[in-house]
Amino acid sequence: MTTLGAVFRPQLPPERLRALARAAEDAGLEELWLWEDCFLEGGISAAAAALAWTDRLRVGVGLLPVPLRNVAVTAMEAATLHRLFPGRPVLGVGHGVQDWMGQVGARAESPVTLLREYLVALRALLAGERVTTDGRYVKLDDVALDWPPPAPVEILAGATGPRSLRLSGEAADGTILTASTPPEGVRKARQLIDEGRTSASRTDAHQVVVYLLTATGPDAAARLHAELQVEGVASVPDLGVAGDADTVAKAVQRLTDAGADTVILQPTADEPDPESFIRFTAEEVRSLVP
């Protein structure tokens, strides 16, 4: 069964999160996803609040930029969330937007090397291991969590390029794809992820999460087109969807047919009624997605 969720975009002020999280819980939405975009809102703090305001909702962070965070801090934050809210946090890490990383003096010369070292260390720490490593970027000396998660947790990686996608298959438990990924892009990403999994002899499950830029309502097509133009991807075929629940569900199905396990509906930045968008996802689209 396809997992369906929606995004709380950080273009909304943080004080809107409680109402959106409660709307998601009340509507029966499976997952609400947050972003740690610079310089808008913190991913861990927002996730902790959304989890505390709800009882059942899974909350994803896609993603935490690894150049901004020491891996030990991320491990402590992740372990705390998983112990406070077992089975409900979903955390992803990734390169981050390189221009933003440059703005704060954290730009890595080799983002792929950093992500590789980070994923290996983070997953080991969350598994309760004591870690010593002296990598190019990640350096730990006899570090172990006093309060690791009581059960195994998954760490996802955001990836777009071939090297990062192969790395995600090799070293992460799942992959997050941006809303600039059409169905054919999901299919190609799955192939690259599987190449990485094969190289690492991994046979465990690997979930693929993809965002789907979505607009509904009387001006849906115009709002979708405007955002695709702003992102510079208006010419990419089969990207995003505008229309009613049936139209959106068919777009979700195209992504799942291409290899996605989870589809997260991403409203346009100018979505006029975010609470209604949440209810539309949970109450209208969900029933049409197998």
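Here we summarise the structure given alongside this text. Quick caveat, the model's predicted, so the values are computed rather than measured. (Residues numbered from 1 in each chain as written. Predicted model: local features only at pLDDT ≥ 70, side-chain atom pairs only at ≥ 80, totals over all residues. Heavy atoms only, no water.)

**Remarks on the overall build of the chain**
Assigned secondary structure in the chain consists of 10 helices and 11 strands. Its C-alpha atoms give the chain principal-axis dimensions of about 60 × 40 × 40 Å. Evaluated residue by residue, the chain yields a buried proportion of 55% over its 290 residues. Look at the contacts in the chain between residues 6 or more apart in sequence, and 74% of them connect residues 24 or more apart. For the chain, the exposed area adds up to about 12,700 Å²; of that, 52% sits on carbon and sulfur atoms. Distance between charge centres in the chain, computed from 27 positive and 39 negative side chains, equals 3 Å. (Helix = DSSP H or I, 4+ residues; strand = E, 2+ residues; numbered from the N terminus. Buried < 20%, exposed > 50% of the residue type's maximum accessible area, 1.4 Å probe, protein only. Contact = heavy atoms within 4.5 Å. Areas by Shrake-Rupley, 256 points an atom, 1.4 Å probe, with all protein chains shown as cover. Lys, Arg positive; Asp, Glu negative; His and termini not counted. Charge placed at Lys NZ, Arg CZ, Asp CG, Glu CD.)

**Brief notes about the side chain of Arg202**
Topologically, Arg202 is positioned in the loop between helix 7 (183-199) and strand 9 (207-215). Among the residues examined, Arg202 registers a relative accessible area of 13% and is labelled buried. Reaching out from Arg202, the side chain makes a polar contact with the side chain of Asp173 at a distance of 3.2 Å. Apart from residues no more than four positions distant in its own chain, Arg202 is found in contact with Arg123, Gly169, Glu170, Ala171, Ala172, Asp173 and Arg197. (Polar contact = N/O pair within 3.5 Å; in protein donor to acceptor, adjacent residues only side chain to side chain.)

**Overview of the pattern of salt bridges**
Counted according to the given criterion, the structure contains 24 salt bridges. Of the charged contacts in the structure, one is a salt bridge between Arg9 and Glu227, with a shortest N-O distance of 2.7 Å. Taken together, the residues Arg9 in the loop between strand 1 (3-8) and helix 1 (17-27) and Glu227 in helix 8 (residues 220-231) connect sequence positions 218 residues apart. The same class applies to Arg9 and to Glu227, which are both buried. A salt bridge links Glu31 to Arg58; its shortest N-O distance comes to 3.0 Å. Separated by 27 residues along the polypeptide, Glu31 in strand 2 (residues 31-34) and Arg58 in strand 3 (residues 58-65) bring together distant segments of the chain. We classify Glu31 as buried; its relative accessible area is 5%. (Salt bridge = Lys/Arg side-chain N within 4 Å of Asp/Glu carboxyl O.)

**Concerning the pairing of strand 7 (residues 155-158)**
Burial along strand 7 is two-sided: Ile155 and Ala157 and Leu156 and Gly158, pointing in opposite directions, are all buried. In the sheet, strand 4 (residues 89-94) pairs with strand 7 via three bridges, with the strands oriented parallel. Bridged to Leu91 within strand 7 is Ile155. Considered for its hand, the β-α-β crossover made up of strand 7, helix 6 (residues 162-171) and strand 8 (residues 174-177) is right-handed. (Pairing = 2+ DSSP bridges. Right-handed = clockwise from strand over helix to strand, strands pointing away.)

**Thoughts on the packing of aromatic side chains**
Aromatic rings in a pair are described by how distant their centres are and how their planes are angled relative to each other. The final tally for this structure, using the stated rule, is three aromatic pairs. Note on Trp33 and Tyr211: the rings are 6.2 Å apart at their centroids and 85° apart in plane angle, and the pair reads as edge-to-face. Here the residue Trp33 occupies a position in strand 2, and Tyr211 occupies one in strand 9, the gap between them amounting to 178 residues. For the pair Trp35 and Tyr211, a centre-to-centre distance of 5.8 Å together with 75° between the ring planes defines the contact as edge-to-face. Of this pair, Trp35 sits in the loop between strand 2 and helix 2 (43-52) while Tyr211 is found in strand 9, placing the two residues 176 residues apart along the sequence. A residue is classified by how much of its surface remains accessible, and Tyr211, at 5% relative accessible area, is buried. One aromatic cluster is present, built from ring pairs that chain together Trp33, Trp35 and Tyr211. (Phe/Tyr/Trp six-rings, centres within 6.5 Å; stacked < 30°, edge-to-face > 60°.)

**Some details on helix 9 (residues 245-258)**
Along an α-helix, residues three or four positions apart point the same way, because every turn accommodates 3.6 residues. For helix 9, built from 14 residues, the straight-helix expectation of 20 Å at 1.5 Å per residue is met to within 8% by its first-to-last C-alpha distance of 20 Å. Within helix 9 the residues assigned to the buried category are Ala245, Val248, Ala249, Ala251, Val252, Leu255, Thr256 and Ala258. Looking at the buried positions of helix 9, the neighbouring elements they touch are strand 1, helix 7, strand 9, strand 10 (241-242), strand 11 (262-267) and helix 10 (274-285). Looking one or two places after helix 9, you find Gly259, whose phi comes out positive at around 130°. (Expected span 1.5 Å × (residues − 1).)

**Side note on a nonpolar patch on the surface**
Among the surface-exposed residues, Phe39, Leu68 and Val104 lie close enough to one another that they form a single nonpolar patch of about 270 Å² accessible area. Residue placement: Phe39 occurs in the loop between strand 2 and helix 2. Given a relative accessible area of 52%, Phe39 falls into the exposed group. (Patch = residues over 30% accessible without salt bridge, like charges linked within 9 Å, V, L, I, M, F, W, Y side chains within 5 Å.)

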